[in-house]
Structure formats: structure tokens, C-alpha cells
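This is what each chain is made of:
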Amino acid sequence: RMPVKRLKLTLSAPPPDEDLDDDREPDEAGAAREGEFDLRDCVITNVHAPMWVTPTGHVYLESFSNVYRQASDFLVAIAEPVCRPQYVHEYKITDSSLCTAASIGLATESIITKLQQLSKLEVHPDVLTLIREATGKYGKVKLVLQRQRYFLDCARSRDKLPTLLRDEVVKRAIVRRDADAAARAAEANALGAGALASSGADMLMIEDLENITGAGADAAVAEDDLADADTSIEVDGNQISVLKKRCQEIGLPVLEEYAHRSDSDTPNIKMGLRGTERLRNYQEKALQRMFGNGRARSGIIVLPCGSGKTLVGIAAANTVKKPVLVLCTSAVSVQQWRKEFLRWTDLDPRRVSVFTSSNKDLWVNDPRAKPVSAAAAAANSALGGAAAANALPARLHITLQPGALEHSESIPDCDLHLWEDGEEPVDGRIKEGGVLVTTFHMIGFRGSRGKESGAVMRAISSRDWGLLLLDEVHVAPAATFRRVVEVVRAHAKLGLTATLVREDDKIDDLGYLIGPKLYEANWLDLQNAGAIATVKCQDVWCPMTAEFYAEYLRQPSNAKRLLLYALNPTKMRNCEILMRSHEARGDKIIIFSDNILALTTYARRFNRLMIHGKTPDRERQEVLARFREDHSVRTIFLSAVGDTSIDIPEASVIIQVNSHFGARRQEAQRLGRILRAKKGAVPGVVNAWFYTLISRDTAEMFYSAKRQQFLIDQGYDFEVIDKLDSLADETLLAGLTMDSKEAQLELLRTVLCATDDDGQVEPPADDEDAKAIGLLGGVRRTIKLANALSGGDADFYRESNNNGDGGGGGGSGGGAASGKARNAQSTRHRLISQHMRKKQVDARATANARSAQPGAGGPS
């Protein structure tokens, strides 16, 4: 037994006036707070076990234990990681995490036995009850897709069907067909070898549903009828998300598994992985969680940036070997995914298509296509003559650019056939499969589309996809993107992300939109194994100059305050010191700023390349190519568009000068830009650096502490550098841009002359596709104080009459106008007044110089 002294494990620090050694009874000391665990009456049954399991479901794992690897893999399967620092990791056993464990095939008694073996203490009965209840209810209801139709199958637990049929939400989602349509559907099911036929369950006729769930139906009779009747009901495909959410609420989470090996309706893909490299251990574990029972489970895999999430997705597609639809967050990411598919697989390049606003590289059947020329036919015949020998009508390979069609060689039947208006597919089936890569914006757009885009969308929505791959799946709960799950009908869904975190409360929606979390890797374990780079995280505190800080305290506008601490001269000076230091080492550097004015100011003063939301896609590709290949280009500046889906393995240094307030996900995503394993790196030796420049005594310090919380939970620690000058070499301090007082005041003048719109950060969801189809741009709403309307932000009105004479008007009106102008000028900041006077002096000097030239006329 433990000593008599009372010990507690707390999840949060107690109030300073409370004594942890208080021996008062619970009634006197008050109710125990959540997370507290009294060890006084606990019995340690296994001293050498690595885990402490509390009655509240919290589990503490000792990472220095000899069986840490086995215990960590087990906990990742049954619990949610809370915090994983270097020595002791914290997990939480929850209802959803246990459903995930059941979904990957772990039996209830197996979980309990393993937990008891690895725990130092006897597992509390409350924890055992939670495990039995949560795992017992999963898998009772199964969602099956067959030929564009969804079915809820209760064959595993027939007694749960009455619960579904009595629920109002489920009843509204049931598809009601007439007798003839039901007969045709039953005949089609009998002819096909689909998932329902293999399970022995047919559709429950709507007449039976009405008899069972009618107003006068007896509950006992209904159960008897259901026990003898079929156990599958057809539901509306447009309400799948609502239906899955409701099933989760009533304690019947839906299981989605795809028997891809026995599915003969969906066409196969001739695809295989190249034998150049083998999957790493953690990648194999992630795929085993998805295909553990020979079926493809829908769910989410969480791996750090740079650890090979793309390869995991491609390996999953290769295992399914059915048509694959890949959804990305940007057009740049679309091209990268296509490149990776061609790199890691032996797919025919013509089978990997892309669909973006500027590129529709698809196989189409377009009436505007011209006949194939004799030369093209001869060339195709020389390639093997397969197309010439094929009796089917040939299709043209067409690259659709806006307003233009480019024709290529003729080939036989292929992946996507785009049906024109009035033409419908037969049974939604296509003879051959392939891979299509597109963006969330292109699928989720609800407005009117062009003819080409509309044809592509009809092709996408009118077929059954074997696998839906969602890159950066944390964006899927957004209102704009939720629709893609309903538009695309896929047998299995796999979400990939490095940061399963959002600042809103929608991250839990992924449980029913996509599926449970199948696997999550430990960042520090991968770092120690050399799978990702070893990063040193440092906060560089930058004191505000006297002039900037005085204006910061005086400014009522939050946008102006942001500009003042983003363009702090000390911050700019430290940024230049770090940039010079790492460029001298030969490192590749990325400098991030969410504010565009700050981004352009830094990049122009340091004469470096930059990319932001308004940079054209082609220019982005050129800048990134120069950064990768040109050794003279060591530094680039990126806005929020560089947070995700940009592959820059050469980068080893990140410097943040401005961020999106307290976004934890953005902090982790930016760290991921340098996490790719470096060639020749030694595990445990620092080979990447992550700097955050923070203006002291400003709101930026609060935001920075909030942003770092996710990385701290992953085990990273942040070192604070208070005085960078004392650590820098003297050669780095010579000739810095912000050394002179004049340069600092000129920078302050620029900030004060800026508008509130200049102080806004760039939206993180910026993308070329979103702009092209109208999701971004246009109207933007900003918030201003009332005094801004009357000149409080140094804005002023200039009046002139319509006759063109520059006078201020006659009588009292002119006097009033001139008085307002004088008052406005007197209330301006002195730096702005200096700037205006300088402009007036320069204008007068220019006018005098022109009038003094020979032959110049007098003033007009």
C-alpha cells in the first residue's frame, strides 16, 4: 500500500491557497475536482508496469519504461492523447476513442486484459464499465453503398432496427419507392454481386416500414415482425451526414467498411507500388489499422508534417485498387499529389487526372472535338494498335483551358466519361478506373458552373468511388466543405492530417463526416528515430522602440496595433540578424507573415522573393522552383498560403514575424514545413530551427503562448532569447537596415499612414480555385471605431467645388471649410504633418523649377 500521506495527481494546478497535504475529509475539504486522484487507498499490483490508470479514465504512461513501445501502441488505439512531453505522457479514455478501438477490431475483453496487465494499479470498475458499454454499441449499424444507393444494415444486431425506425430523423431519411421501383431495385440487387448481396441482406420494402412504424403499430408486434423481416433499409444519400450524426447521438455509431476485394460492380485500377522504398514502421501500423480485417475502414490517420502522409494515402489507394478521388486545399497541392502518384506507383500518367479552375486534364467525349488526323491515327497504331483494333468509339484526350480545347492522340475507353446534357450513364458504371485529384473548393461550390465544369461534376457525382482521400482533413468540417461528403459517393473515406485541431468546436464533427481516428503517431518518437527532422524551437523577444510603443499604447485600432508590433524595428533588425546568420551557413529559410503590408515591407527592404494570396499560380511555381534549385536564393517570404500543402524539403529554418493571432494549427503546420528528414542527419542532433519573433509587452505575447500549446502537448519546448545581439557575431551586426533613427521614423510614418484594411491578416483559406469560382474576393467587411468616420484615424476630407476653381468657396461656407481643414491639420500626428509639409515643399520646388526653364509659360 502507499504511505499514509495523501497523494494526488491533478490535471490542473490547484489554487495557491489550497494545501495538497490537507487531511480533511471530503465533506470538509469539498468535492474533489475533476482529474484529482487519491492514491491513499490504492493498491499497486505491478510495480514494473508502465501505466497509472485513474478512475476518471486518465492514463499516465512512463516513457522511460522497458515496455514503453508496446504500451504506447496500445494506448494510441484505445485512448486520446492529451499531452506527450519527454518523460510522462497523458491519455484520456473516452467513449469515442473506445469506439475507434472497436472499429479496428479490438475485442472488449482483450482491451480490459491488456489494460490490467500494463497498469500499476487495479483498474477501477468505472473504467471497466465504460469500456464494455462503449465497445459493445459499436458496429451494430453498418452503412453500405451500392450503385449510388445507401443502405443502413442491422444484420449484426437485428434488435437495433426498431430503434432506428422509431427515430424521426431516420424516418425522414428513408427513401420511399413505389412497388414497381422496389421490384426493379430488388431484381437489380439479385443480379449484381454487391456488398448487400454478399451479406445476405436485402432492402426492407417501404410497405413493411409503414406497417411496422404506423401510428397504431404495437411495439411487441413490431419487434416480432422485424425479427423475421429483412434488416436493411435504403436512406437518402443527401442526408448521410445528418443520419450518421443522429445515429451517434442515440448511441448507435455507424460502421463504414468496404469489402473492396469482393466488389465486382466498381471497376478496378491496374496499379502497383514501385519497389524503390519500403514503408516505414509507423506507416505500416497506420495502414494495418485501416485494413486490419481485410476490409477498408473509413477513418482518419494523423501523422506529422514531413513524415509521409502522402505515401500512406497512395498505399491505401493501391490496396483498394478502385477509382480514387483525392481532395486537396489548393491547386499547388493538386499538382503535388499527381506528381507523387506517378512517382510511387506504376499508373499510366493518362490515368491520373486533375480538375481545377485552370486545368481540366480529363478524358472527355466532347461533340466539339475534331476527327483524329491521319498522322495521329498512324502514331497511335505504331504504339501498339490497341486503339485501332478496338471497335468502341474513340475518345479524345482534351486539355480544357478556359475558352480553348487542345486535342491529343486517340485512345480507347478510359477513366472519366463526361456526359453531355441529356445523356445519362448506364447504372453509374464505367469500364475502367483511375485517379482524379481536385480541390475542396471545386467540389463544394454551390453556384452556377460552366459547361466543362458542370460535365465534370456530373461525372463525379454519378459514379461510385472506391476511395475518397481527403488531404488536410481538418478543413472538412467548414461550412463550405461539408457538402463534398454528400456530393461524392465513396465506399471508403480516408482523412489525412498533421493537426487534428480547430479553434472552433467542429473538430468532433469529423467523427461522423469521415470516421474515427484510426492512428496517431508520436512526434518525438519519430524525431528520435530520424523519421522527421530534429527541430529547435526558440522565441526571440523584441522590445518595442520608444516611438513605436508610445503609438501602440495610444492607438484605439487593433489593426494599427497589429501593424505596429509586426513592423517593430527591433523585430525587423533581429529578423535580419537571423537571416544573415543562417544564409552564411547555407541554410534555406522561410519567413512567414500573415499581414501583407508587413510581408511586402520585409521582403522589399531585404530584397527577397515573396508569395502571398494575390501571387498568380504560375509565379508561385517559379518562385518555389528557384528556391529549391537555385543556391543563390536562400530566403523566401510567405503569407498564410504557405502554411499547408507546399512541399519544400530543402527548407531548414522558419522565422515567424507575424501570425494569425492564436491559431494552434497554423503554428504546427508552419513547423511542418521544415520537418522533412534531412539527408545525412543524425537522430537527436538539431538540424532545423523554428524562430518566432515576438514584440514584448504587446498582445502578441498572449497569442504566441496560446499558439504554442499544441506543439508543447506534442513534447516540444520553446527556448526564450531575450537579447539576440549578445549572441550574434559582430560581422552580422554591421550595416543593419533598422540601425538608424531616420529609418525607424520613416517606418513609423508608413504604419501611421496605413489604413485599417492594411492591418488585416490574410485569410488562411486563400486559394486560386476559390478565387476563380467566386468563393473569395469581392466584398470584405471590416470593423472600425466611430471616431474613424470623423478623422480619428488621421483620415480627412478634402472639399472642392464642381467649377474647378480651387477656392474654398465664398462667404461663411468657405470660412467653415477652411476652419475644418485647419482643425484637421492641427489634430494630425506630428510625423504625418511633417510628411505632408515635405510633400508640399517638394511640389513647390518642382513647380518653381519648371517655371524657371527657358520658354516656359506662366502658370495656367
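Trainee: Would you explain the environment of Tyr-258 in this entry?
Mentor: Among the secondary structure elements, Tyr-258 is positioned in strand β11 (residues 257-258). Residue Tyr-258 is classed as buried on the basis of its relative accessible area of 4%. With 36 residues separating them along the chain, Tyr-258 and Gly-294 place their C-alpha atoms 9.0 Å apart. Among all residues touching Tyr-258, those that are not within four sequence positions of it are Asp-263, Thr-266, Arg-295, Ala-296, Val-320, Lys-322, Gly-466, His-491 and Ala-492. Separated by 2.6 Å, the side chains of Tyr-258 and Asp-263 make a polar contact.

Trainee: Where do I start with the confidence of the model for the protein in this structure?
Mentor: If pLDDT is low for a region, its predicted coordinates should not be looked at in detail. Per-chain confidence: the protein averages 74 in pLDDT, with 70% of residues scoring 70 or above. Under a pLDDT of 50 for its full length, residues 179-229 has, in the predicted model, 65 contacts with residues more than four places off or in other chains.

Trainee: Is there a simple way to explain helix α25 (residues 569-585) in this structure?
Mentor: Its 17 residues place the ends of α25 25 Å apart at the C-alpha level, agreeing with the 24 Å of an ideal helix rising 1.5 Å per residue. Pro-569, Lys-571, Met-572, Arg-573, Asn-574, Cys-575, Glu-576, Ile-577, Leu-578, Met-579 and His-582 are the residues of α25 that are buried. At the C-terminal side of α25, Gly-586 shows a positive phi close to 90°.

Trainee: Explanation requested: the sheet that holds strand β7 (residues 141-146) in the structure shown.
Mentor: The strands that make up a sheet pair up through hydrogen bonds in the backbone, lying either parallel or antiparallel. What the 4 strands build is an open sheet, ordered β9-β8-β7-β10; its pairing is mixed. With partners counted over all chains shown, the strands left at the sheet margins are β9 (232-235) and β10 (254-255), one partner each.

Trainee: For this particular structure, what's the right way to read the packing of helix α14 (residues 309-320) against helix α15 (residues 331-344)?
Mentor: The relative placement of two packed helices is expressed as an angle between their axes plus a distance between the axes. One way to put it is that α14 packs onto α15 with a least axis distance of 10 Å and a crossing angle of 60°. By the angle between their directions, the pair α14 and α15 is classed as oblique. Read as a crossing pair, α14 and α15 show a hand that is right-handed. Facing α14, whose interface residues are Thr-310, Leu-311, Ile-314 and Ala-317, α15 presents Trp-337, Glu-340, Phe-341 and Trp-344. The class makeup of the residues in the contact of α14 with α15 is 6 nonpolar, 1 polar and 1 charged.

Trainee: Would you mind going over the state of the cysteines with me for this structure?
Mentor: Per the stated rule, a full pass over the model turns up 0 disulfides. Cys-575 forms no disulfide, and the closest cysteine sulfur to it belongs to Cys-542, at a distance of 9.1 Å.

Trainee: Explanation requested: the environment of Ser-593 in the structure shown.
Mentor: Here Ser-593 shows up in strand β24 (residues 588-593). Under the relative-accessibility criterion, Ser-593 is labelled buried at 1%. Once the C-alpha coordinates of Ser-593 and Gly-642 are considered, the two residues, 49 residues apart in sequence, prove to be 9.9 Å apart. If we ignore the near neighbours within four places in the chain, the residues touching Ser-593 are Ala-598, Leu-599, Leu-638, Ser-639, Ala-640, Val-657 and Asn-658.

Trainee: Quick question: what am I supposed to make of the pattern of salt bridges here?
Mentor: Opposite charge on two side chains allows them to pair when their charged atoms are near. Taken as a whole and judged by the stated rule, the model has 35 salt bridges. A salt bridge links Arg-246 to Asp-167; its shortest N-O distance comes to 2.8 Å. Of this pair, Arg-246 sits in helix α12 (residues 240-249) while Asp-167 sits in the loop between α6 (161-166) and α7 (168-173), and the two are 79 residues apart along the sequence. Given the relative accessible area of 26%, Arg-246 is considered partly exposed.

Trainee: I would appreciate a short explanation of the pairing of strand β23 (residues 535-542) in the present structure.
Mentor: Along any regular strand the residues' side chains alternate between the sheet's two faces. Of all 8 residues that make up β23, 6 are buried, and the element is covered over most of its length. As paired strands, β23 and strand β28 (residues 688-695) are joined by 8 bridges and run parallel to one another. By the bridge assignment, Cys-542 is partnered in β28 with Ser-695. Here β23 runs beside strand β29 (residues 718-721); their pairing, made up of 4 bridges, is parallel. Paired with Val-540 across the strands is Ile-721, a residue of β29.

About the cut-offs
Residues numbered from 1 in each chain as written. Predicted model: local features only at pLDDT ≥ 70, side-chain atom pairs only at ≥ 80, totals over all residues. Heavy atoms only, no water. Helix = DSSP H or I, 4+ residues; strand = E, 2+ residues; numbered from the N terminus. Buried < 20%, exposed > 50% of the residue type's maximum accessible area, 1.4 Å probe, protein only. Contact = heavy atoms within 4.5 Å. Polar contact = N/O pair within 3.5 Å; in protein donor to acceptor, adjacent residues only side chain to side chain. pLDDT = per-residue confidence, 0-100. Expected span 1.5 Å × (residues − 1). Pairing = 2+ DSSP bridges. Axes fitted to C-alpha atoms, helices over the stretch in contact; angles between N-to-C directions. Parallel < 35°, antiparallel > 145°, perpendicular 65-115°, else oblique. Left-handed = near helix turned anticlockwise from the far one by under 90°. Nonpolar A, V, L, I, M, F, W, Y, C, P; charged D, E, K, R; others polar. Disulfide = S-S within 2.5 Å. Salt bridge = Lys/Arg side-chain N within 4 Å of Asp/Glu carboxyl O.

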